[in-house]
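Residues per chain, in single letters:
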Amino acid sequence: MSDILAQVATNTESNKNAGNAILYECVLTIMAIEAIGGLRVLAINILGRFLGNRDNNIRYVALNTLIKVVAVDTQAVQRHRTTIVECVKDSDISIRRRALELVCALVNESNVKTLTKELLEYLKVSDPEFKPDLTTKICYLVQKFFPNKRWYIDQMIKVMVEAGRFVKDDISRALLLLISNAAELQGYTVRSLYNAFQKWDGQESLAQVTVWCIGEYGEMLVHHMNELDGEEPVTVTEADTVDVLELVLKDFRASSTTRAFALTALLKVSSRFPSCTERIKALVLQYKGSLVLELQQRSIEFTSILSKHENIKASLVEKMPVLDEATYIAKKVDAADVAFSTDSKSVPATVLPAVPVANGPTKSKSGTNALMDLLNLNVDEASTPSAPQTRKSAGDVLLDLLGGNSSFTSPLVASPVQGPSGGADALLDLLSIGNATSQTTSSPLSTLEPFPQRNPEAASQKPSNPVPDLLSQNTVSSQKDSYSSFTADFKKSSIPGAGFDLLGDLGIGSASSISTTGPVYPPIVAFQSSGLTVSFEFSKQSTNLPATVIHATYTNTSSNTYTDVIFQAAVPKFMQLQLEPASGNVLPANSSGTVTQVIRVNNSQHGQKSLVMRIRVSYKINGQEVLEQGQVNNFPPGL
Amino acid sequence: MIHFVLLFSRQGKVRLTKWYSPYSQKERAKVIRELSGVILPRGPKLCNFVEWRGVKVVYKRYASLYFCMCIDSEDNELECLEIIHHYVQILDRYFGNVCELDLIFNFHKAYFILDEVLIAGELQESSKKSVARVIAAQDALVDAAKEQAASLSNIIAQATR
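Residues numbered from 1 in each chain as written. Chains lettered and ligands numbered in written order. Predicted model: local features only at pLDDT ≥ 70, side-chain atom pairs only at ≥ 80, totals over all residues. Heavy atoms only, no water.

## Section: the side chain of R600 of chain A
Residues and elements named next belong to chain A. For R600, the location among the structural elements is in strand β6 (residues 594–603). Taking the relative accessible area as the measure of exposure, R600 reaches 6% and is therefore buried. Of the polar contacts made by the side chain of R600, one reaches the side chain of E580; its length is 2.6 Å. (Helix = DSSP H or I, 4+ residues; strand = E, 2+ residues; numbered from the N terminus. Buried < 20%, exposed > 50% of the residue type's maximum accessible area, 1.4 Å probe, protein only. Polar contact = N/O pair within 3.5 Å; in protein donor to acceptor, adjacent residues only side chain to side chain.)

## Details of the sheet that holds strand β5 (residues 575–579) of chain A
All names here are of chain A. Reading across the sheet, the 5 strands line up as β1-β2-β3-β6-β5 and stay open at both edges, with antiparallel pairing between neighbours. Among the strands making up the open sheet, the edge pair consists of β1 (524–528) and β5. On average, each strand axis in the sheet is inclined to that of its neighbour by 25 degrees, with strand direction left out of account. Where strand β2 (residues 532–539) lies against strand β3 (residues 547–556), 8 bridges are found, and the strand directions are antiparallel. Note on β3: the bridge partner recorded for L532 is N556. (Pairing = 2+ DSSP bridges. Axes fitted to C-alpha atoms, helices over the stretch in contact; angles between N-to-C directions.)

## Some points on the packing of helix α14 (residues 238–250) of chain A against helix α16 (residues 277–285) of chain A
Residues and elements named next belong to chain A. It is at 11 Å that the axes of α14 and α16 come closest, and there the two elements cross at 5 degrees. By the criterion of interaxial angle, the relationship of α14 to α16 is roughly parallel. Residues A239, V242, D243, E246 and K250 of α14 touch α16, and the partners they reach there are R279, I280 and L283. Its residues placed into classes, the contact of α14 with α16 shows 4 nonpolar, no polar and 4 charged. (Parallel < 35°, antiparallel > 145°, perpendicular 65-115°, else oblique. Contact = heavy atoms within 4.5 Å. Nonpolar A, V, L, I, M, F, W, Y, C, P; charged D, E, K, R; others polar.)

## Structural notes on a nonpolar patch on the surface
The grouping of I4, V8 and I22 of chain A at the surface amounts to a nonpolar patch, some 240 Å² of accessible area in total. When you line up the elements, I22 of chain A lands in helix α2 (residues 17–32). (Patch = residues over 30% accessible without salt bridge, like charges linked within 9 Å, V, L, I, M, F, W, Y side chains within 5 Å. Areas by Shrake-Rupley, 256 points an atom, 1.4 Å probe, with all protein chains shown as cover. Salt bridge = Lys/Arg side-chain N within 4 Å of Asp/Glu carboxyl O.)

## Considerations on helix α6 (residues 81–88) of chain A
Residue and element names in this part refer to chain A. Within the span of α6, buried status applies to I84, V85, C87 and V88. For α6, the angular spread of the buried residues around the axis is 155 degrees, confining them to a single face. Every exposed residue of α6 that faces more than 90 degrees away from the buried side is listed here: T82 and E86. (Arc of directions from axis to C-beta.)

Any functional reading would require information beyond the geometric quantities listed.
Take a look at the structure:
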């Protein structure tokens, strides 16, 4: 058979279309039988000849087939690379498209730089209907084959300047991810972006990336930090940075997302460059009445922060933690099920920057998802692995913050009042003033609530919550004040609260106790020994049957005072447990006083298995350690 | 295989359609509309293959008529171009310098010829001579029948029946 094919291929004259058709069929056959060696070389040579033919049809056919060949034998096709790149600039759009696909298939690390340069050159002159495809392909190439980060950033900036409108959101997010991971390039990046921005012409992605970088790395721009060699120095004053942000805000071409980015960046800049605060305040205030809910909300919140809460501003807009690339990629794959995992470090800095749009009407779905991903990124840290237990871990973190308890389903849980586990020292100090129990539902971030599965953690990170405490001078009181954010019903009472709290509405401070709208269960004596009685009272919300709130009361029935009372609990795997800080750790003798504690339990097998818990209490009598433990089996059924 | 053959003028008027795959009436109308919209605006220098809805459409313009054939993605487009040319050559030989008017007034003959050349979406007769011979024989039959119907004896027989 190979003989026949070879014979036909060599003897057919190709000046007529019929001849070409026969040759083409030969090539197809040779590829189909997966010949190796001489025959395949023959086929590829024929295709090469076709590529040089003047006739559009023939070239089209050749490009088409070469795409299939590349999969099999890249080397042979590389020889024709220049011709193919020429075809990318052909006048026929079908040929252009095919050639572009082929070029992408041909790229490898060695030729990516030259190819990208050519493609970028072409991007400038290509016609509008072809630009989106071309842009996407260039971005894809750059992303896949970049030899070093600096080159990547350069190319992306060039692409965004040329065709910013067509750069998709997830590409710009990936770029931001890379920038935040490349600490040494951040100064260079922000300066290049600033320079590129001088030629800004309404490109969406360029605006977003520039604005974000200025917000994060503004001081590098002004103070010439981290200059790489070969960089031309550019003097930028603080006012200039604000100018850029103002330009983006005011431009009619900027979308709401971009404006939201700009507002957040303004807040960050005001904390980095205090001299511009007045001007920034005026700028932000202009959006107080914006018809876009997202902008209005941000404007009001930021105005409050700028005017009244200078002291926490710095900690609120700390630099973002480095976004973890691996988890980002995994999350992109798993976008639907992604949930936050929080780290106490990231809590103060990251909640504000990219609040997902619950209500922004102009936001497209993909934009929302992209932002949500960004928020996930912001909040995500490799150190706190997330997966399904995010709700809990967020609870953990918050509890850590508040000096509370973190709970795990593995054996024992310690509930001493723990020290802060992260860097949010400023916040913790604030929080420890009020012994931070008064969490309220109506935080300014309550707009996060409409995304129930993603936002419990976000809703629970309310860095501004200590503020009402401060303002309302709450004392160490009612443990019963709920971490109502932890209840599953996140949609409740989104009090038109943008800024409501920050306005120091005192009434909210002592707020929402647990609503006992659910079925009522009789209290039980969980544990009783010669010196200690532990009793549980239950409350449950009818809207969330698997979750139960237990009010534990410890009484000292002996004649000795107990000090350093520590209560620990363990639950089986199907339950989740959260311990809140105890009201104290001293039990006076003879039942003259009690210590109370709120325990939250979630029974994932509600209705099938009833609750069971093992408890351990340790305390000191005159310096002697005593340990008591037991199992609580007498929970009322149906919990 | 060829899914359908479509002939339309530069103004978009359909001169001939032949379907070798099941398309409902509505689909047919839709296909015709869309394809005309895709092919008519294409410039002269562009290549003759269009990817459309997962299938390839090969078209060639002869004077004011566009000949379109829709083929599978795996098929050889150059070959399809040859088939189109083959068909046009047969038409030309039969009508003698065929023009669009010939096809408008003798569309039934165009269909006969097409049926000789293509069957079930595949090329059946690659010899122009055979096709010409067969169509000529058919024409002769038609003429004979006409003559017989018009002959005097027949008229008398009809009248007295």
